[in-house]
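Overview (structure and organization)
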Amino acid sequence: MSESSAEAAVAAVASASEAAAGWRRATGLAGAAIGVIAAGAAAGVAIERMTVGRGMRQKARLALDSAGPYGSLRGTPGKAYADDGTELYYEVDDVDPESAPALSPRRRRLFGRKAPAPVTVVFSHGYCLSQDSWHFQRAALSGVVRTVHWDQRSHGRSARGVAQTQEGRHVDIEQLGRDLKAVIDAAAPEGPLVLVGHSMGGMTVMALADQYPELIRERVVATALVGTSSGRLGEVNFGLPVAGVNAVRRVLPGVLKALGQRAELVEKGRRATADLFAGIIKRYSFSSRDVDPAIVRFAERMIEGTPIDVVAEFYPAFADHDKTEALALFTDMPVLVLAGVGDLVTPSEHSEAIADLLPEAELVLVPDAGHLVMLEHPEVVTDRLADLLTRAGAVPAGATVSGYGSTSSTARRG
């Protein structure tokens, strides 16, 4: 790093420390944890600050917000109700019988000309995201196979969790599994299912299997688990040194609780330190250096749109998550296990552990990819998902062409 780069990095760290100090005064332990996490993103923020002023960065964010098409896809809306009364929002994209002859050559190679089998593909998104995180896969499948996209409780367009707002309870992964069952009952009460889950969404799929094994045996014909884990998340180091990760583990539960109780003040702090959080989000979402800035901004908007008290409500669930035994229910069906090699949130080793328990599963490890692999390398995820649907009979046999596109050939299969 040049002298000017080093100076910029020092300035960024100092700025992060100032922000952390302000939050410490406001929320006690909050500043300490933010300072530890911010260290991992400070260098990246420093480089941006060397060449781009604050006003220009703000203008760039506004321009990307107005011009980016990501998250604009909409389907037929519906509502399901969880067992505690929480309203869950979902959208259905139905098969378009007229679309097959008009498919573009690329989509015709993927999915063929014939009408797909009557299968419903249900997509479950991750922590602090929304159904829109599946933008590329939704676009590719639109009109070709019936899909359901839903927002987890307290995320996206779904309502705040009743048990959380009225009873003060944290969310657990079991609750999310029951929420998914409510969505299936409302949006796809009959017919075969393909379950697709990313990160927390994959855990939701496992929780559904754990609590409703008969549903898995009788109706689920294929499953895709993307960037997720069946347990032992307490061992993840998030790319931090040992001292840093130990500090985070000690203080983060208390920090999040304190932040959740001061939500309005914290949201102001998030806006005031937007550049710092943009660096953190990019570091923990992507691994490539050349990610489309509009994609990065799209991810920022989803994560920024998750209130801090919702972040606090969900976080404790991950330490308790262990659905290893439930994986046995997926042994007799086609399964895709896919992860980014550079994922710092749910490391690819967790996907390899899932694949070890499902020896017939297809394991795909994507180099130069982070946690949001379906946005960072969408063609890889879409290609492998299309192949899974072919194996499940949801699209015509032989319709998928493997390795199409510029980066799908970089994926490594286990």
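See above for the structure.
Cut-offs and rules
- Residues numbered from 1 in each chain as written.
- Predicted model: local features only at pLDDT ≥ 70, side-chain atom pairs only at ≥ 80, totals over all residues.
- Heavy atoms only, no water.
- Helix = DSSP H or I, 4+ residues; strand = E, 2+ residues; numbered from the N terminus.
- Buried < 20%, exposed > 50% of the residue type's maximum accessible area, 1.4 Å probe, protein only.
- Contact = heavy atoms within 4.5 Å.
- Expected span 1.5 Å × (residues − 1).
- Salt bridge = Lys/Arg side-chain N within 4 Å of Asp/Glu carboxyl O.
- Polar contact = N/O pair within 3.5 Å; in protein donor to acceptor, adjacent residues only side chain to side chain.
- Phe/Tyr/Trp six-rings, centres within 6.5 Å; stacked < 30°, edge-to-face > 60°.
- Pairing = 2+ DSSP bridges.
- Right-handed = clockwise from strand over helix to strand, strands pointing away.

Here we come to the overall build of the protein. Along its length, the protein carries 17 helices and 9 strands. The burial tally for the protein puts 56% of its 414 residues in the buried class. Long-range contacts, defined here as pairs at least 24 residues apart, represent 79% of the contacts in the protein between residues at least 6 apart.

Once that is clear, we can look at the environment of P359. Relative to the elements of secondary structure, P359 occurs in the loop between α15 (348–357) and β8 (362–366). Each C-alpha atom of the pair P359 and T331 lies 8.0 Å from the other, and the pair is 28 residues apart in sequence.

So, about helix α7 (residues 173–187). A rise of 1.5 Å per residue sets the reference length of α7, with its 15 residues, at 21 Å; its end C-alpha atoms lie 21 Å apart and thus fit the reference within 8%. The buried fraction of α7 amounts to 11 of the 15 residues, a majority that puts the element mostly inside the structure.

A separate point is the pattern of salt bridges. Applying the stated rule across the entire model yields 23 salt bridges. Residue K79 is joined to E87 by a salt bridge in which the shortest nitrogen-to-oxygen separation is 3.7 Å. For K79, a relative accessible area of 49% puts it in the partly exposed group. Among the salt bridges present, the one from E300 reaches R297, with a minimum N-O distance of 2.8 Å. Of this pair, E300 and R297 both sit in helix α13 (residues 293–304), separated by 3 residues, roughly a single helical turn.

The next point concerns the side chain of T86. By the secondary structure assignment, T86 is in the loop between β1 (76–81) and β2 (87–93). Relative accessible area serves as the criterion here: at 0%, T86 is assigned to the buried category. A polar contact of 3.4 Å, which involves the side chain of T86, links it to the side chain of R153. In this structure T86 touches A80, Y81, R153, A159, R160, G161 and V162, once residues within four positions along its chain are discounted.

The relative placement of two aromatic rings is captured by the distance of their centres and the angle of their planes. Applying the stated criterion to the full structure yields 5 aromatic pairs. Seen from their ring centres, Y127 and F318 are 4.8 Å apart, and the 65 degrees between their planes marks the pair as edge-to-face. Residue Y127 is located in the loop between β3 (120–124) and α5 (135–141), and its partner F318 is located in helix α14 (residues 308–320); the two are separated by 191 residues in the primary sequence. Given the relative accessible area of 22%, Y127 is considered partly exposed.

Turning our attention to the environment of I173. Assignment of secondary structure puts I173 in helix α7. Taking the relative accessible area as the measure of exposure, I173 reaches 2% and is therefore buried. With 141 residues separating them along the chain, I173 and F314 place their C-alpha atoms 8.8 Å apart.

With that settled, the discussion passes to the environment of V341. Within the element layout of this structure, V341 appears in the loop between β7 (335–340) and α15. Of the residues examined, V341 reaches a relative accessible area of 38% and is grouped as partly exposed. Counting along the chain gives 28 residues from V341 to A369, while the straight-line C-alpha distance between them is 5.9 Å.

Further remarks concern the pairing of β8. With 5 of 5 residues buried, β8 lies mostly within the body of the structure. Taking every second residue as pointing to the same face, both faces of β8 are buried, with E362, V364 and V366 on one and L363 and L365 on the other. As paired strands, β7 and β8 are joined by 5 bridges and run parallel to one another. Note that in β8 the partner of A339 across the bridge is L365. Handedness of the crossover joining β7 and β8 through α15: right-handed.

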